Structure formats: structure tokens, C-alpha cells
Amino acid sequence: MIEKIETKAAPAAIGPYSQAVKANGMLFASGQIPIDPATGAIVEGSAADQAKQVFKNINAVLSAAGTDITKVVKATVFLKDMADFASVNEVYAEAFASAPVLPARSAVAVKTLPKDVQVEIEVIALL
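All values derive from a computational prediction rather than experimental measurement.

Structural notes on the layout of surface pockets
If you add up the space inside the largest pocket, you get close to 230 Å³. What lines the largest pocket is a set of 17 residues, among which Ala10, Pro11, Ala12, Ala13 and Gln19 lie closest to the centre. The residue inventory of the lining of the largest pocket, partitioned by class, reads eight nonpolar, four polar and five charged.

What follows is the structure in C-alpha cells.
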């Protein structure tokens with residue numbers, strides 16, 4: 001069975017997709033960008049500033065699904081500029097500080113991201 005996860009504590013999907021989907025004991029979360037769900041505005045500032053909001057959004061989706069950051073098994077980080085890798089990596093490490101095992105991860109630079117943000121992160125987690 002596949003179950004849609006949706007929460008107002010994270011930005012609504014801006015296209016034809018779900019915030020996350022539960023299937024077979026796993027959660028597949030769509031990429032989160034630095035939108036403040038309360039205002040709908042993009043968080044301004046550095047890539048690290050934006051990554052902090054991204055993780056707030058990820059945590060909201062994980063919580064809505066009944067799981068948390070410690071159960072993430074895979075993350076993919078999309079960066080507008082690989083020069084931001086180190087600063088986003090610091091935020092990433094802080095976000096996963098409570099994880100007993102760090103998730104597998106890929107980090108890639110892309111030409112552009114939705115709404116021209118600097119960072120997008122998607123995760124897969126256990127339920």
C-alpha cells in the first residue's frame with residue numbers, strides 16, 4: 001500500500017507530486033527547498049541559511065509521517081553552486097548530529113533549482 005504524507009508544517013508541493021510517500025516501511029520524501037511554510041516566502045541569505053530552513057521542512061515532513069531524522073538512510077543534496085558545499089555540509093552535520101548512523105548521501109551541483117534557490121535536499125527514511 002502507498003500512502004501520501006502531507007503537512008501544513010512544510011511547504012505545499014509546487015507541482016504534481018506529494019511531499020512524501022510511505023511504502024513498505026519506508027518514507028520517500030520529495031526534495032525540500034527553503035520556503036517558510038508560514039509565509040510562503042523563500043528564506044533569504046546564504047546557502048547555509050537556506051539549508052537550515054530546508055531541514056526544518058524535512059523534519060516537519062518526517063514528523064508528519066511518524067518518523068524522524070535519526071531514521072534517514074539516504075539523502076541527496078542539490079546545490080546551485082558547489083562552492084557552497086562546505087557551508088551546507090556544516091548545517092547538514094548539525095542536522096544529523098543525533099543520528100546514530102549518518103545516512104548515505106550524494107551531493108551534486110545543478111544548473112538551477114526551483115524558485116532559483118541555492119539548495120534542495122531529499123531524503124529516504126525508515127518508518
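Regarding the sheet that holds strand E3 (residues 26-32)
Read from one edge to the other, the open sheet built from six strands follows the order E1-E2-E3-E6-E4-E5, with strand pairing classed as mixed. Across the chains shown, the open sheet's two edge strands, defined by having one partner strand only, are strand E1 (2-5) and strand E5 (104-109). Sheet twist, expressed as the mean angle between neighbouring strand axes with direction ignored, is 15°. Here strand E4 (residues 72-79) runs beside strand E6 (residues 119-126); their pairing, made up of seven bridges, is antiparallel. What sits directly across from leucine 79, in E6, is valine 119. Against the sheet, helix H1 (residues 47-64) engages E1, strand E2 (20-23), E3, E4 and E6, with an angle of about 30° to E6.

Some thoughts on H1
Along its 18 residues, H1 runs 26 Å from first to last C-alpha, staying within 8% of the 26 Å computed at 1.5 Å per residue. Where H1 is concerned, the buried positions are Ala47, Ala48, Gln50, Ala51, Gln53, Val54, Phe55, Asn57, Ile58, Ala60, Val61 and Leu62. At its buried positions, H1 is contacted by E1, E2, E3, E4, helix H2 (85-95) and E6. Following H1 by one or two positions, glycine 66 adopts a phi angle in the positive range, close to 85°.

Concerning the pattern of salt bridges
On inspection of all chains with the given rule, the structure shows two salt bridges. Here lysine 4 and glutamate 6 are joined by a salt bridge, their closest N and O atoms 3.9 Å apart. Given a relative accessible area of 51%, lysine 4 falls into the exposed group. When the shortest N-O distance is used, the salt bridge between aspartate 116 and lysine 80 registers 2.7 Å. Residue aspartate 116 is located in the loop between E5 and E6, and its partner lysine 80 is located in the loop between E4 and H2; the two are separated by 36 residues in the primary sequence. Look at aspartate 116 and you get partly exposed, because its relative accessible area is 46%.

Some remarks on the environment of valine 73
Topologically, valine 73 is positioned in strand E4. With 47 residues separating them along the chain, valine 73 and methionine 26 place their C-alpha atoms 9.6 Å apart. The residues contacting valine 73, other than those within four sequence positions of it, are Met26, Pro103, Ala104, Ile124, Ala125 and Leu126.

Criteria and cut-off values
Residues numbered from 1 in each chain as written. Predicted model: local features only at pLDDT ≥ 70, side-chain atom pairs only at ≥ 80, totals over all residues. Heavy atoms only, no water. 1 Å grid on protein atoms, 1.4 Å probe; cavity = no way out; pocket = protein on both sides within 12 Å on 5 of 7 lines; lining within 4 Å. Points joined across faces, edges and corners; volume = space filled by probe spheres on them. Nonpolar A, V, L, I, M, F, W, Y, C, P; charged D, E, K, R; others polar. Pairing = 2+ DSSP bridges. Helix = DSSP H or I, 4+ residues; strand = E, 2+ residues; numbered from the N terminus. Axes fitted to C-alpha atoms, helices over the stretch in contact; angles between N-to-C directions. Contact = heavy atoms within 4.5 Å. Expected span 1.5 Å × (residues − 1). Buried < 20%, exposed > 50% of the residue type's maximum accessible area, 1.4 Å probe, protein only. Salt bridge = Lys/Arg side-chain N within 4 Å of Asp/Glu carboxyl O.

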